[in-house]
Every structure is written in C-alpha cells, then in structure tokens.
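As a plain string of letters, each chain reads:
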Amino acid sequence: MQSQQAILTDAVKPPLQRAFKWPPELGILCVLLGIALAFELLGWYFRGQSFLGNPTGLLIMILQVSEIGLIAIGVTIIIITGGIDLSSGSVVALAAMVAASLAQSSEASRAIYPGLLDLPVLLPVLAGLCVGAMVGLINGSLIVKTGVPAFIVTLGMMVSARGLAKLYTHGQPVSTLTDSYTWIGSGANPVIIFLVTALFFHILLRYTRFGKRTYAIGGNPVAARVSGINIQRHLVIVYTIAGVLAGVAAVIGSARAQTGQSGMGVSYELDAIAAAVIGGTSLSGGVGRITGTVIGALILGVIASGFTFLGVDSYFQEVIKGAIIVIAVVADQIRKQKKR
C-alpha cells in the first residue's frame, strides 16, 4: 500500500517538480570547495599565509591541471565505452619529443634536424598531434581486431612509447625552441585551450549522435550492436581521439617547459584516470561527464598544490594520491550497487 501511495503521490506532482533534479556534479563541486577551504584554514594555522591568496601557486596548479585535464577528457570518453588507457603519459613524452625536435630554432647548438630549423609553428604542432593520433589508432585497432583487453594493449603501449621517446634522441633533451612555439605554453593559453576543448567534448557527448553511441556501447554493448552501431569503428575513433588529446597536452607541456624530454608525462595516465573517476565516471562504462572530469582534475590539482604549500613531503603526496584513487573506485562501486 505504501509503495502504491508513493507512486500516486509522485504522479500528481507538478511537472516542474518531477523534472527538477540536482546535477550530479554539484556534490563533486562541494567537495572541491571544501578541500580548498580546508587548505586555506591549514595555511593560516601552520604558515600564517593564505592558500587561495597565493597567486603563484594557484597559477602553477591551473597550468598543471590543464595538461592533465586534456588527457583526462580523452580517458573519460574511453572509460565511458568500458575501456581504459594506460599509455597516455608515455604518449605525451613521445609526442613532445617529436614536436620539440621540429620546433628548434636556428640558434640551437644541438639540432636534431639541422635542415629543418625555424619551421612554421603549425608543422611541429601537427607532428605532435599526428604522433598521438597514430598511437591511439594503433591502440584501438589492436583492441578491436585481436580481442585483447584494453588494459593489456595500452599497458604494452605505455612501455613501448616511453622506450621510443628515449630512443628518439638517446635520452637527450631537445631544447632551444622557437618563440612562436613556446608562446603556446605561455600565459593563460594552456588554460584557454583546455577549457575550449572541455566545452567542445561536453557538447559532443551530450548532444550528438557520437555521444549517444559512446554511452550506448559502455552501457550495453549487445544492445548497441543490435541497434546497428559499428562498435569496432567507434572504439577506434575513441582511442584515436584520446591519442590526439594526449598530443595536445604534449605540445602544451613542451612549449611551457621550452624543452622536450623523454621523462615527461610520468604518471599522467593515473592522474587522468583518477580525475575521471573522481568526477563521477564509472569504470564499468556507460556513465560519465566531461564537467565532472574537469572538477575531478581541479580536485587533484588543489590537493597537490595544497600539500606543496604546506610543505608536505612529495613521497607522502604520492601515498595520498594513491589512496584517493582507491577511495574514488570504492565510491564508484558503491554508486553502482545502489543503482542495482
């Protein structure tokens, strides 16, 4: 009787009252604000300084979040389809090395390609994006053609891409880049690129056929196949997009650092996965939003910046980051069980 009465009560509610629903990102946003406020109070208590009023620290945090956030957008789309990508950090290193080698100026004392100096900025940028796209294409093709789990394929690519990045210049950094290339990573440019990219893929996932197919594949692959979706082709496209976004992060990172190094992007893939899961993306597939991923990346950035501000040991920060990833996965499992 009570359940029937509840159904009848809900049925007579006004349409606007029934349709209203709190956005899922609101809770994550409250967590972000709470963490920032906690570091603000701890900053005054332990250091006598304001955490949120430290412009230099906040600028470094936002720039770092922009790189991780770009990778996290691609990782989010992959996880929504039910996959995973562990190679993005190594792709950043490989793409950064290739892009930087084509962005060297005539003043470089050790040029990788002496005959290709002072090239138009578009060429090294496209080279970095093409490297990312190629790696993503290989990942997607191997996954759909061989049936090997995405975890294994991207794990192997993570090792291979890092090795290629080291082999490219035998571990030597690439420096003396053109001003037009380093301009990409200067000022607020990385933040603008990140926000525009996030907005584009937010619209793509929520309001286009591509987004509906992405959620359908992750939610129920059998139903998606029966409905006529070419799952294999779609997955290849998704992994290629993730590779391109890793290439964008590589260009920004090398331009901001004014150098390309084979050690770039270490653990970026874990940070990107953590940002996606913290932002509400389910590792089981079918659930996730770009807006949540952006907030998740900001949470990781605030935590890292806050610990650095308080002088917490960097090794302890890694322990905390690992714990956050585990907690986020546990929370995802709890959400899934409640839905069941």
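Residues numbered from 1 in each chain as written. Predicted model: local features only at pLDDT ≥ 70, side-chain atom pairs only at ≥ 80, totals over all residues. Heavy atoms only, no water.

### Focus on the overall build of the chain
Turning to step 1, where the next piece is worked out: Counting its regular elements, the chain contains 15 helices and zero strands.
Turning to step 2, where the next piece is worked out: Its C-alpha atoms give the chain a radius of gyration of 22 Å, near enough to 20 Å, the size a compact globule of 340 residues would have.
Turning to step 3, where the next piece is worked out: Taken along its principal axes, the extent of the C-alpha atoms in the chain is 85 × 60 × 35 Å.
Turning to step 4, where the next piece is worked out: A burial count over the chain gives 47% of its 340 residues as buried.
Turning to step 5, where the next piece is worked out: When contacts within the chain are restricted to residue pairs at least 6 apart in sequence, those whose partners lie at least 24 apart make up 79%.
Turning to step 6, where the next piece is worked out: In the chain, which carries 22 positive and 13 negative side-chain charges, the distance between the mean positions of the two groups comes to 16 Å. (Helix = DSSP H or I, 4+ residues; strand = E, 2+ residues; numbered from the N terminus. Rg over C-alpha atoms; globule rule 2.2 N^0.38 Å. Buried < 20%, exposed > 50% of the residue type's maximum accessible area, 1.4 Å probe, protein only. Contact = heavy atoms within 4.5 Å. Lys, Arg positive; Asp, Glu negative; His and termini not counted. Charge placed at Lys NZ, Arg CZ, Asp CG, Glu CD.)

### Things to note about a nonpolar patch on the surface
Turning to step 1, where the next piece is worked out: A surface patch of nonpolar side chains, amounting to about 320 Å² of accessible area, comprises Val-148, Phe-151, Ile-152 and Leu-155.
Turning to step 2, where the next piece is worked out: Positionally, Leu-155 belongs in helix 7 (residues 150-168). (Patch = residues over 30% accessible without salt bridge, like charges linked within 9 Å, V, L, I, M, F, W, Y side chains within 5 Å. Areas by Shrake-Rupley, 256 points an atom, 1.4 Å probe, with all protein chains shown as cover. Salt bridge = Lys/Arg side-chain N within 4 Å of Asp/Glu carboxyl O.)

### Notes on the side chain of Thr-293
Turning to step 1, where the next piece is worked out: Along the chain, Thr-293 falls in helix 14 (residues 290-310).
Turning to step 2, where the next piece is worked out: Excluding residues within four positions of it along the chain, Thr-293 makes contact with Ala-72, Ile-73, Thr-76, Ala-275, Ala-276, Gly-279 and Thr-281.

### A look at the pattern of salt bridges
Turning to step 1, where the next piece is worked out: Throughout the structure, instances matching the rule amount to one salt bridge.
Turning to step 2, where the next piece is worked out: With a shortest N-O distance of 2.8 Å, Arg-256 and Glu-67 are connected by a salt bridge. Of this pair, Arg-256 sits in helix 12 (residues 231-257) while Glu-67 sits in helix 4 (residues 55-80), placing them 189 residues apart in sequence.
Turning to step 3, where the next piece is worked out: Since its relative accessible area comes to 30%, Arg-256 is described here as partly exposed.

### Some remarks on unusual backbone geometry
Turning to step 1, where the next piece is worked out: A positive phi angle, near 55°, is found at Asp-118, a position not held by glycine.
Turning to step 2, where the next piece is worked out: Positionally, Asp-118 belongs in the loop between helix 5 (88-101) and helix 6 (122-146).
Turning to step 3, where the next piece is worked out: Looking at Asp-118, the relative accessible area reads 42%, which means it is partly exposed.
Turning to step 4, where the next piece is worked out: Even without being glycine, Thr-176 reaches a positive phi, approximately 55°.
Turning to step 5, where the next piece is worked out: Tracing the backbone through its elements, the reader meets Thr-176 in the loop between helix 7 and helix 8 (179-182).
Turning to step 6, where the next piece is worked out: Under the relative-accessibility criterion, Thr-176 is labelled partly exposed at 29%.

### Re the environment of Val-244
Turning to step 1, where the next piece is worked out: Mapped onto the elements, Val-244 comes out in helix 12.
Turning to step 2, where the next piece is worked out: Considered as a pair, Val-244 and Val-75 are 169 residues apart in the sequence and their alpha carbons are 11 Å apart.
Turning to step 3, where the next piece is worked out: Excluding anything up to four places from it in sequence, Val-244 contacts Leu-129, Gly-132 and Ala-133.

### Side note on the nonpolar core
Turning to step 1, where the next piece is worked out: By size, the foremost hydrophobic cluster in this structure holds 85 residues, and its most contacted members are Tyr-181, Phe-201, Ile-299 and Val-302.
Turning to step 2, where the next piece is worked out: In this structure Phe-201 touches Ile-73, Ile-77, Ile-241, Leu-245 and Ile-290, once residues within four positions along its chain are discounted.
Turning to step 3, where the next piece is worked out: Judged by nonpolar contacts, the second largest core, of seven residues, contains Val-144, Ile-229, Ile-231 and Val-236. (Core = buried A, V, L, I, M, F, W, Y, C linked by side-chain atoms within 4.5 Å.)

### Here we look at the side chain of Asp-85
Turning to step 1, where the next piece is worked out: Among the structural elements, Asp-85 can be located in the loop between helix 4 and helix 5.
Turning to step 2, where the next piece is worked out: Buried charged residue Asp-85 carries no salt bridge. Nearest counter-charge: Arg-162, at 12 Å.
Turning to step 3, where the next piece is worked out: Side-chain polar atoms of Asp-85 contact the side chain of Ser-87, separated by 2.7 Å.
Turning to step 4, where the next piece is worked out: Filtering out sequence-adjacent residues up to four positions away, Asp-85 remains in contact with Ile-78, Asn-139, Thr-154, Ala-242, Glu-269 and Ile-273. (Polar contact = N/O pair within 3.5 Å; in protein donor to acceptor, adjacent residues only side chain to side chain.)

### Focus on the environment of Leu-63
Turning to step 1, where the next piece is worked out: One can find Leu-63 in helix 4.
Turning to step 2, where the next piece is worked out: Overall, the relative accessible area of 10% leaves Leu-63 in the buried class.
Turning to step 3, where the next piece is worked out: Sequence separation of Leu-63 and Pro-190 is 127 residues, and the distance between their C-alpha atoms is 6.4 Å.
Turning to step 4, where the next piece is worked out: Setting aside anything within four residues of it in sequence, one finds Leu-63 in contact with Gly-187, Pro-190, Val-191 and Arg-256.

### Re the packing of helix 9 (residues 189-207) against helix 12
Turning to step 1, where the next piece is worked out: Contact geometry for helix 9 and helix 12: axes closest at 11 Å, N-to-C directions at 165°. Classed by the angle they form, the pair helix 9 and helix 12 counts as roughly antiparallel. Considering only the axes of helix 9 and helix 12, their crossing is right-handed. From helix 9, Pro-190, Ile-193, Thr-197 and Phe-201 reach across to helix 12, where they touch Ile-241, Leu-245, Val-248 and Ile-252.
Turning to step 2, where the next piece is worked out: For the contact of helix 9 with helix 12, the class distribution of residues is seven nonpolar, one polar and no charged. (Axes fitted to C-alpha atoms, helices over the stretch in contact; angles between N-to-C directions. Parallel < 35°, antiparallel > 145°, perpendicular 65-115°, else oblique. Left-handed = near helix turned anticlockwise from the far one by under 90°. Nonpolar A, V, L, I, M, F, W, Y, C, P; charged D, E, K, R; others polar.)

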